[in-house]
Amino acid sequence: IVVAARTGVGKSSLVDRALLLLAQDGVRCSKVSVEDGAEDFASKALSQLSGINTAVFWGATPGPSARDWEGVQRAAGENCDIPCRFTQIQSCALDGVLSQMAIDARAHGCRVIVVDYLQAIAGPSMGSTRESINATLGALIATARTLGVVLILVSQLKRPETGNPFREPTELDLKESGSIEERAQGLVLLWRTSDDATSAKFGVVLGKVAKVKRGPSGQRFAVRRAAGGMLVDVDYREVVEVVDSDSF
């Protein structure tokens, strides 16, 4: 399953939220990152579980209140044993990612593994970027099949060089990223609608299930980054009405 979006949209946050929900249901899962560190994942997780803004973990003013810390400690205590692992591969090497996938599956029983993100993995050096990404993608898919795990792969889309920077992406936006759109069992595309903090669209991320192999596609959804920093579901129809009423 591929989750793809442009930089800063919130694809990692959305995937992290999905992992936490799976883990709370008892599904053993892990995230292997070649970008964010453990402190980033932990702050997002604690924000999602407690409703406390992630900014308080990074020296924001005003700092966290005693009530904030009580909420964080309570959330951590209630969820300290959920089966969700995190590992950062600082070298970004493909071999390191594949090895960690094997450790998570065989030693820890993880059934769902997220790799974040494809284009940042230092894979085989081939004739072109597309060929290199294809080789990396092939190795990840083959390893997931061998291990018998669900692979959720985070992929980056390039920001449009011209036109509306908040336009809805399509499968064609993955063309420069190898054969993702062809090999993925499922494809989820995300996009934002505004960078204007005064707009009703600010903080809203729209998504669509662009592809499901042997299943229905086209489902759409929306999330908003709430005051606490966590992602919350919102009514897609209401969001679209707001978006359509504003001019770009």
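Residues numbered from 1 in each chain as written. Predicted model: local features only at pLDDT ≥ 70, side-chain atom pairs only at ≥ 80, totals over all residues. Heavy atoms only, no water.

A. Summary view of the environment of Pro-216. Mapping Pro-216 onto the fold places it in the loop between strand E7 (204-212) and strand E8 (220-225). For Pro-216, a relative accessible area of 61% translates into the label exposed. In sequence terms Pro-216 and Arg-237 are 21 residues apart; their C-alpha atoms lie 20 Å from each other. (Helix = DSSP H or I, 4+ residues; strand = E, 2+ residues; numbered from the N terminus. Buried < 20%, exposed > 50% of the residue type's maximum accessible area, 1.4 Å probe, protein only.)

B. Spatial organisation of the packing of aromatic side chains. Under the defined criterion, the tally for this structure stands at 1 aromatic pair. The interplanar angle of 15 degrees and the centroid separation of 4.9 Å between the aromatic rings of Phe-41 and Phe-86 together place this pair among those described as stacked. Of the two residues, Phe-41 is situated in helix H2 (residues 38-50) and Phe-86 in strand E3 (residues 84-88); the sequence distance between them amounts to 45 residues. The exposure class assigned to Phe-86 is buried, which follows from its relative accessible area of 19%. (Phe/Tyr/Trp six-rings, centres within 6.5 Å; stacked < 30°, edge-to-face > 60°.)

C. The sheet that holds E8, seen in detail. Strand order in this open sheet of 9 strands is E3-E2-E4-E5-E1-E6-E7-E8-E9, and the pairing throughout is mixed. Each end of this open sheet is capped by a strand with a single partner; those strands are E3 and strand E9 (231-234). Sheet twist, expressed as the average angle between the axes of neighbouring strands with direction ignored, equals 25 degrees. As paired strands, E7 and E8 are joined by 5 bridges and run antiparallel to one another. (Pairing = 2+ DSSP bridges. Axes fitted to C-alpha atoms, helices over the stretch in contact; angles between N-to-C directions.)

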